[in-house]
Amino acid sequence: MLYVFLAVSLIASVSLTYVSCQFASYSAIWQIPVFFIGSFLALVLLFLLVILVSCLFVDPKKQLDKPSGYFRFLLHEFCRLALAMGGVHVNVTGLDRLPKEGRFLLVSNHRFAFDPLVFYAVMPQAELAFLSKKENFSIFIVAQIMRKVLCLSVDRDNDRESLKSILKAIQFIKDDKASIAAFPEGKTNRTEDALLPFRNGVFKIAQKANVPIVVCSLVNSRAILKNMFRKHTEVWLDVLRVVPAEDLVGKTTIEIGEHVHAIMEDGVIRRETAQGLR
């Protein structure tokens, strides 16, 4: 979508400049970048308007059982556009490790509230549905889009409601409606530690659905907000390892959590050290 907007804006700017003055003099060339910027911003605003209008017809309180390909497309393109306009470049490694067939549980560390945008931008083929805190489902537009792509609300203060979401996530995987993504730390890590302790209940999803666990690390996403519209930000998303479903058999969620925690912590530390962030 970004490249389409850029191409259309370029064509429109040249056309408008020609129509307005037919390139009568070299001084008229300055109009091209003005028209280009204006056309690009107009297209972005139109795209946002389409998202807004589309969300008006979605009940944010209603849990849906069928994913919307249309909203998945809007979400992926919005994330790519938002990151590009915010000067964010995502360096991705290990993407080829993602299972080519079948669903999976994806887990990652959590440094920034908008971390899911990075995953949606670079992994559209994964058809991810995130487990997200219930407060996010009260945010206009965010709630509507999350409902349409089958994200699930998690009440961190109510174990019974959290269990319902986990059971629903298992069903989504079994019905081949989405792969589930979660941040097992349970909240944004604002400390200097590589990882917070895990809430291991999330690994029950992979066990009960009999799917592999895709372990990822996300580094420097916390700098996005600080640098946005001021300077370029490099973010690193590494797909570290895929834990096969058969390796989960007979293990407790605590044992699985300890294993995944060790993989993820090592990945985060290695990446931060390599990039001079630790």
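One structure accompanies this document, and this report is about it. None of the values given here were measured: they were computed from a predicted structure.

Things to note about the overall build of the chain
Along the backbone of the chain there are nine helices and seven strands. For the chain, with 278 residues in total, the buried portion stands at 46%. The long-range fraction of contacts in the chain, counting pairs at least 24 apart against all pairs at least 6 apart in sequence, stands at 72%. Accessible surface computed for the chain: about 14,600 Å², of which carbon and sulfur atoms make up 60%. Of the side-chain charges in the chain, 33 are positive and 26 negative, and the distance between the mean point of each set is 4 Å.

Topic: the sheet that holds strand β1 (residues 88–93)
Spatially, the seven strands line up as an open sheet ordered β1-β7-β6-β2-β5-β3-β4, and their pairing is mixed. Two strands in the sheet have a free side with no partner beyond their single neighbour: β1 and β4 (152–154). Sheet twist, expressed as the average angle between the axes of neighbouring strands with direction ignored, equals 25 degrees. Relative to strand β6 (residues 213–219), strand β2 (residues 105–107) runs parallel, the two sharing three bridges. Following the sheet pairing, L105 is matched in β6 by I213.

Observations concerning unusual backbone geometry
Despite not being glycine, E127 shows a phi value in the positive range, around 50 degrees. For E127, the position within the fold is in the loop between α4 (115–122) and β3 (128–133). The exposure class assigned to E127 is partly exposed, which follows from its relative accessible area of 29%. Positive phi is not limited to glycine here, since N220 has a value of about 75 degrees.

Quick look at the pairing of strand β5 (residues 179–182)
The alternating pattern of β5 places S179 and A181 on one face and I180 and A182 on the opposite face, and all of these are buried. With three bridges connecting them, β2 and β5 associate as parallel partners. Bridged to L106 within β5 is A181. Relative to β5, β3 is paired through three bridges, and the arrangement is parallel. Paired with F130 across the bridge in β5 is A181.

Things to note about the nonpolar core
In terms of nonpolar packing, the biggest core is built from 43 residues, with L106, F119, M123, L128 and L237 touching the most fellow members. When residues no more than four places from it in sequence are discounted, the contact partners of M123 are L95, L98, L106, L128, C216, L237 and V239.

Some thoughts on the packing of aromatic side chains
Scanning the model with the defined rule gives seven aromatic pairs in all. Put simply, the rings of F119, Y120, F130 and F183 touch in pairs and so form one group of aromatic residues.

Comments concerning the environment of K177
Within the secondary structure, K177 is located in the loop between α6 (159–174) and β5. In the structure, K177 is positioned 132 residues away from L45 in sequence and 31 Å away in space, judged by C-alpha atoms. Leave out the neighbours within four places in its chain, and K177 touches D65, P67, R72, R103, L150 and F172.

Let's talk about the packing of helix α3 (residues 69–85) against α4
Across the interface, α3 lies against α4 with an axial gap of 8 Å and an inter-helix angle of 110 degrees. The pairing of α3 with α4 is recorded here as roughly perpendicular in orientation. For the pair α3 and α4, the sense of crossing is left-handed. Contacts from L75, H76, F78, C79, R80 and L83 in α3 reach L117, V118, Y120 and A121 in α4.

Comments concerning the pattern of salt bridges
Side chains that differ in sign of charge can pair as their charged atoms come close. Evaluated as defined, the whole model comprises eleven salt bridges. Two residues, D176 and R103, come together in a salt bridge whose shortest N-O distance is 2.8 Å. With D176 in the loop between α6 and β5 and R103 in the loop between β1 and β2, this pair connects stretches of sequence that are 73 residues apart. Several salt bridges share partner residues, and in doing so they unite R72, R103, E127 and D176 into one network.

Rules of the game
Residues numbered from 1 in each chain as written. Predicted model: local features only at pLDDT ≥ 70, side-chain atom pairs only at ≥ 80, totals over all residues. Heavy atoms only, no water. Helix = DSSP H or I, 4+ residues; strand = E, 2+ residues; numbered from the N terminus. Buried < 20%, exposed > 50% of the residue type's maximum accessible area, 1.4 Å probe, protein only. Contact = heavy atoms within 4.5 Å. Areas by Shrake-Rupley, 256 points an atom, 1.4 Å probe, with all protein chains shown as cover. Lys, Arg positive; Asp, Glu negative; His and termini not counted. Charge placed at Lys NZ, Arg CZ, Asp CG, Glu CD. Pairing = 2+ DSSP bridges. Axes fitted to C-alpha atoms, helices over the stretch in contact; angles between N-to-C directions. Core = buried A, V, L, I, M, F, W, Y, C linked by side-chain atoms within 4.5 Å. Phe/Tyr/Trp six-rings, centres within 6.5 Å; stacked < 30°, edge-to-face > 60°. Parallel < 35°, antiparallel > 145°, perpendicular 65-115°, else oblique. Left-handed = near helix turned anticlockwise from the far one by under 90°. Salt bridge = Lys/Arg side-chain N within 4 Å of Asp/Glu carboxyl O.

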